[in-house]
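Topology and contacts: notes
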Amino acid sequence: MSGKGDEGERARPGGGRAVLHCDADAFFAAVEVLDRPELAGKPVIVGGLGPRGVVATCSYEARRFGVHSAMPMTTARRLCPQAVFLPGRHERYRQVSRQMFAVFERFSPVIEPLSLDEAFLEAPAAEAERLAVELRAQVRREIGLAVSVGVGPNKLVAKIASDLAKPDGLRVVRPGEVAGFLAPLSVRRLWGIGPRTAEALEQEGIRTVADLRARPEAWFRQRFGQRWEQVRRFALGEDDRPVAPPREAKSMGEEETYPRDLEDRRQLLRRLAALSQAVGARLRAHGLAGRTVTLKLRTGDYRTRTRSRTLPQAVAGDDQIYREAVLLLERAWGGEPVRLLGVQLSGLERPRSEQLSLLERGEGRPERLWRTVDELRARFGPRAVLWGAAEESRPSRRMKRQRREEG
Ligand SMILES: [Mg+2]
């Protein structure tokens, strides 16, 4: 991109913003190769290995044999019997995904994640290409993965550009180039045109975006009904959907409805421990902590009570949450049968980095402990580490557990 003087960019409405679509190549397979370098250059297929499994991702070496994602594994085995077949390690993929998004965050404050390995980033148009080059280099250097990037004036163009850039490529489409870029492409590349619609259009002799664009407005109205305007805008390369970061949750909670009312204090404490543990794990997984703990209790006769307490500092440890929940239970419960219990954390915040570094220096023992606990649970299952009060805390099959999140 030619920088600040580019007239095409300046002329673009919307304050000279560009969109980057960043998408790791063959992500699951690439992570497997990363961890086992001896797999490099080989066809690697990740997915369900059972009789009804499907391909989740495969390396480009496997794609050469016609293997692609969502294909039945039996077909993949027939097409490429010499491939290395792996069941997938989703916890590991999530870990690498977090590292990759940490790099993305250096390049834009406005990020919309689409999946573990794919996101839209907003950037000043004048700097978009430089940022894309640097982002790809940093992911390659620090993580060892190839990320293809498409840069365009909007999401539609950026996404198509990154698809065309794969593997391991960068494609920049400037505003003035959009029409020419889209013209020769199949209509299948456009959002909102599925395989069925595409086939029907091809029957009518409409194969490329240029063919589609040439149709009069009345034809679009008749052909696409309610969504005619959007289809036409996409055909023209116009897309005003913003890059939309996910809304941060304002609260996180868990509640349980019991098949039989609980009457015994020890039972209640056990369930509170289990709920505290579930909420704590979710908060930590999102890198959050909460200042207000709320207990919800519904009695056998359907009366609901909530009690809250706001703490001087945000907490995310199971034990801290549990301690507060128990105090709130003392205030809310008069000994009657309990039908529902819930624990919720609100006033959520992201512990700041200086706080984190303080924690690393020693005062943060609990934080570090919980991080280790979460890692162990991720590796060995939710019951790998149980603490005193939570023993036997597995929800029974008949117990209804509900997650709550308010944004
Ligand atoms: Mg990908």
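Reading the values: the criteria
- Residues numbered from 1 in each chain as written.
- Predicted model: local features only at pLDDT ≥ 70, side-chain atom pairs only at ≥ 80, totals over all residues.
- Heavy atoms only, no water.
- Axes fitted to C-alpha atoms, helices over the stretch in contact; angles between N-to-C directions.
- Helix = DSSP H or I, 4+ residues; strand = E, 2+ residues; numbered from the N terminus.
- Parallel < 35°, antiparallel > 145°, perpendicular 65-115°, else oblique.
- Contact = heavy atoms within 4.5 Å.
- Nonpolar A, V, L, I, M, F, W, Y, C, P; charged D, E, K, R; others polar.
- Buried < 20%, exposed > 50% of the residue type's maximum accessible area, 1.4 Å probe, protein only.
- Pairing = 2+ DSSP bridges.
- pLDDT = per-residue confidence, 0-100.
- Phe/Tyr/Trp six-rings, centres within 6.5 Å; stacked < 30°, edge-to-face > 60°.
- Lys NZ or Arg CZ within 6 Å of the ring centre and 35° of its normal.
- Polar contact = N/O pair within 3.5 Å; in protein donor to acceptor, adjacent residues only side chain to side chain.

Moving on, we get to the packing of helix H2 (residues 27-35) against helix H5 (residues 90-107). For the pair H2 and H5, the least separation of the axes is 10 Å and the interaxial angle reads 95°. Taken together, the axes of H2 and H5 are roughly perpendicular relative to one another. Note on element contacts: H5 touches H2 through His90, Arg92, Tyr93, Val96, Ser97 and Met100, opposite Phe27, Phe28, Val31, Glu32, Leu34 and Asp35. The residue inventory of the contact of H2 with H5, partitioned by class, reads seven nonpolar, two polar and three charged.

To continue, consider the side chain of Thr257. Mapping Thr257 onto the fold places it in strand E9 (residues 251-262). Assessed through its relative accessible area of 18%, Thr257 is described here as buried. Apart from the residues within four sequence positions on either side, Thr257 is in contact with Arg339, Leu340, Met399 and Lys400.

On to the pairing of strand E6 (residues 118-124), then. Burial analysis of E6 places five of its seven residues in the buried class, which makes it a mostly covered element. Both strand E1 (residues 17-24) and E6 contribute to a ladder of seven bridges, which runs antiparallel. Looking across to E6, one finds that Ala18 is bridged to Ala123. Sheet topology note: the strand E5 (residues 111-115)/E6 ladder contains four bridges and is antiparallel. Residue pairing across strands places Ile111 opposite Leu121, the latter belonging to E6.

Attention now moves to the confidence of the model for the protein. Residues at a pLDDT of 70 or more form 86% of the protein, whose mean pLDDT is 88. The low-confidence segment residues 1-14 (pLDDT under 50) makes 22 contacts with residues lying over four places distant or belonging to another chain. Considering only residues more than four positions removed or in separate chains, one finds that residues 353-364, a stretch of pLDDT under 50, has 10 contacts.

Of the positions making up H2, those classed as buried are Phe27, Phe28, Ala29, Ala30, Val31 and Glu32. On its buried face, H2 is in contact with E1, strand E2 (44-47), strand E3 (55-58), strand E4 (84-86) and H5.

A word on the sheet that holds E4. Spatially, the three strands line up as an open sheet ordered E3-E2-E4, and their pairing is mixed. The open sheet is flanked by E3 and E4, the only strands paired with a single partner. Taking the axes of each pair of neighbouring strands and ignoring which way they run, one obtains an average angle of 25° across the sheet. Both E2 and E4 contribute to a ladder of three bridges, which runs parallel. Of the residues in E4, the one forming a bridge with Val46 is Leu86.

Moving on: the packing of aromatic side chains. Within the structure shown, the criterion is met by eight aromatic pairs. Seen from their ring centres, Phe28 and Tyr93 are 4.3 Å apart, and the 10° between their planes marks the pair as stacked. Residue Phe28 is found in helix H2, and its partner Tyr93 is found in helix H5; the two are separated by 65 residues along the sequence. Positioned above the aromatic ring of Phe85 is the side chain of Arg77, whose terminal nitrogen or guanidinium carbon lies 4.4 Å from the ring centre. If you follow Arg223 out to its NZ or CZ, it ends over the ring of Phe224, 5.6 Å from the centre.

Once that is clear, we can look at the sheet that holds strand E8 (residues 170-172). Read from one edge of the open sheet, five strands run E5-E6-E1-E7-E8, paired in mixed fashion. Both edges of this open sheet fall to E5 and E8, since each of them pairs with a single strand only. Between one strand axis and the next, the sheet turns through 15° on average, direction left out of account. Where strand E7 (residues 147-152) and E8 come together, three bridges link them in parallel fashion.

Further remarks concern the pairing of strand E11 (residues 304-315). In the sheet, strand E10 (residues 289-299) pairs with E11 via eight bridges, with the strands oriented antiparallel. The residue bridging Val293 from the neighbouring strand is Arg309, located in E11. Counted between consecutive antiparallel strands, the loop separating E10 from E11 contains four residues, among which Tyr302 sits at a positive phi close to 65°.

Here the bond from Lys166 into Pro167 is cis, since omega is -10°, no more than 30 degrees from zero. Tracing the sequence through the fold places Pro167 in the loop between helix H7 (155-165) and E8. Here the phi dihedral of Ala26 falls at roughly 40°; this positive angle occurs in a residue that is not glycine. Tracing the sequence through the fold places Ala26 in the loop between E1 and H2. Among the residues examined, Ala26 registers a relative accessible area of 10% and is labelled buried.

Attention now moves to the side chain of Lys296. By secondary structure assignment, the location of Lys296 is in strand E10. Polar side-chain contacts of Lys296 include one of 3.2 Å to the side chain of Glu255. Ignoring any residue separated from it by four or fewer positions in sequence, one finds Lys296 in contact with Glu255, Thr304, Arg305, Thr306, Leu340, Leu341 and Gly342.

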